[in-house]
Amino acid sequence: MAYIAQLKHLIQNELIPDVEEHIDDIFESIASQKDATPQERAQLEDMQALRDEYKELLKEIQSGDVDEEEAEQLYTELTSMRESDEGDEDDDMLYDDEDEEDEDDYDEFDIDAEDDQY
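For clarity, every value in this text was computed on a predicted model and none was experimentally measured.

**Student:** Just to check I follow, could you spell out the overall build of the protein for this structure?
**Tutor:** Summing up its helical and strand segments, the protein has three helices and zero strands in all. Counting from the amino terminus, helix and strand elements in the protein follow one another as α-α-α. At a minimum sequence separation of 6, the contacts of the protein that also span at least 24 residues come to 73%. As presented, the protein carries roughly 9300 Å² of accessible surface, and 44% of it is formed by carbon and sulfur atoms.

Shown next, in the form of structure tokens:
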């Protein structure tokens, strides 16, 4: 019963709220632009479908259609997907800072006319 409870908690308290927050962000973006791009529409449809899948899975859990072994597999899969998604976001933040280069970093490699002694 442990994995069933953990899976239920994960879906109710983390996954569905995260997807709904993402849906809200897309709606805000659409509202500010007064129209949705095809990419935003597709992303919105994907997020809504994902939310619906999570809700359907939650119903299956509550009705007892998911056994402990299946719950363990689902929980493991969902948490590993979530962790990899969070890791991707962290990677993006690291690279954003590295894009800004300072010209002074390369001063030691600048070649002046006086350096033509070789």
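**Student:** Would you mind going over helix α2 (residues 38-63) with me for this structure?
**Tutor:** Each α-helix turn comprises 3.6 residues. Residues three or four places apart therefore point the same way. Helix length check: α2 (26 residues) gives 38 Å between terminal C-alpha atoms against 38 Å at 1.5 Å per residue, within 8%. Within the span of α2, buried status applies to E40, L44, M47, R51, Y54, L57, L58 and I61.

**Student:** How should the pattern of salt bridges be read in this particular structure?
**Tutor:** If charged atoms from side chains of opposite charge come close, those side chains can pair. For the coordinates displayed, the defined rule picks out five salt bridges. Here R41 and D35 are joined by a salt bridge, their closest N and O atoms 3.2 Å apart. On the basis of relative accessibility, which here comes to 42%, the residue R41 falls in the partly exposed class.

**Student:** Looking at this model, I keep getting lost on a negative patch on the surface. Mind explaining?
**Tutor:** A cluster of acidic side chains, namely D65, D67, E69, E70 and E72, defines a negative patch on the protein surface. As for its placement among the helices and strands, D65 is situated in the loop between α2 and α3 (68-98).

**Student:** How should the packing of helix α1 (residues 2-33) against α2 be read in this particular structure?
**Tutor:** When two helices pack together, you describe them by how their axes are tilted relative to each other and by the distance separating the axes. Two elements in contact, α1 and α2, have axes whose closest approach is 9 Å; the angle formed by their N-to-C orientations is 160 degrees. Judged on the interaxial angle alone, α2 and α1 are roughly antiparallel. Seen along the crossing, α1 lies across α2 with a hand that is left-handed. When grouped by side-chain class, the residues that make up the contact of α1 with α2 number 17 nonpolar, seven polar and five charged.

**Student:** Whenever I open this one, the nonpolar core confuses me. Can you help?
**Tutor:** With 20 residues, the main nonpolar core has L7, I11, L15, Y54, I61 and L78 as its most contacted residues. The set of elements that each furnish at least two residues to this core consists of α1, α2 and α3. Of the residues forming this core, the biggest block, ten residues, is contributed by α1. Among all residues touching Y54, those that are not within four sequence positions of it are I11, L15, I16, V19 and L78.

**Student:** Is there a simple way to explain unusual backbone geometry in this structure?
**Tutor:** Apart from glycine, the bulk of residues carry a negative phi angle, and the bulk of peptide bonds sit in the trans form. Within the chain, K34 stands out as a residue other than glycine whose phi angle is a positive 70 degrees. With respect to the helices, strands and loops of the structure, K34 is situated in the loop between α1 and α2.

**Student:** Mind showing me how you'd approach the confidence of the model for the protein here?
**Tutor:** Parts of the model with low pLDDT should not have their predicted coordinates read in detail. Of the residues in the protein, 72% reach a pLDDT of 70 or more, and the chain-wide mean stands at 79. No element of the protein has a lower mean pLDDT than α3, at 73, and none a higher one than α2, at 94. Considering only residues more than four positions removed or in separate chains, one finds that residues 90-110, a stretch of pLDDT under 50, has two contacts.

**Student:** Honestly, the environment of G64 in this entry has me stumped. Any pointers?
**Tutor:** Mapping G64 onto the fold places it in the loop between α2 and α3. Classification of G64 as exposed rests on a relative accessible area of 55%.

Criteria and thresholds
- Residues numbered from 1 in each chain as written.
- Predicted model: local features only at pLDDT ≥ 70, side-chain atom pairs only at ≥ 80, totals over all residues.
- Heavy atoms only, no water.
- Helix = DSSP H or I, 4+ residues; strand = E, 2+ residues; numbered from the N terminus.
- Contact = heavy atoms within 4.5 Å.
- Areas by Shrake-Rupley, 256 points an atom, 1.4 Å probe, with all protein chains shown as cover.
- Expected span 1.5 Å × (residues − 1).
- Buried < 20%, exposed > 50% of the residue type's maximum accessible area, 1.4 Å probe, protein only.
- Salt bridge = Lys/Arg side-chain N within 4 Å of Asp/Glu carboxyl O.
- Patch = residues over 30% accessible without salt bridge, like charges linked within 9 Å, V, L, I, M, F, W, Y side chains within 5 Å.
- Lys, Arg positive; Asp, Glu negative; His and termini not counted.
- Charge placed at Lys NZ, Arg CZ, Asp CG, Glu CD.
- Axes fitted to C-alpha atoms, helices over the stretch in contact; angles between N-to-C directions.
- Parallel < 35°, antiparallel > 145°, perpendicular 65-115°, else oblique.
- Left-handed = near helix turned anticlockwise from the far one by under 90°.
- Nonpolar A, V, L, I, M, F, W, Y, C, P; charged D, E, K, R; others polar.
- Core = buried A, V, L, I, M, F, W, Y, C linked by side-chain atoms within 4.5 Å.
- pLDDT = per-residue confidence, 0-100.

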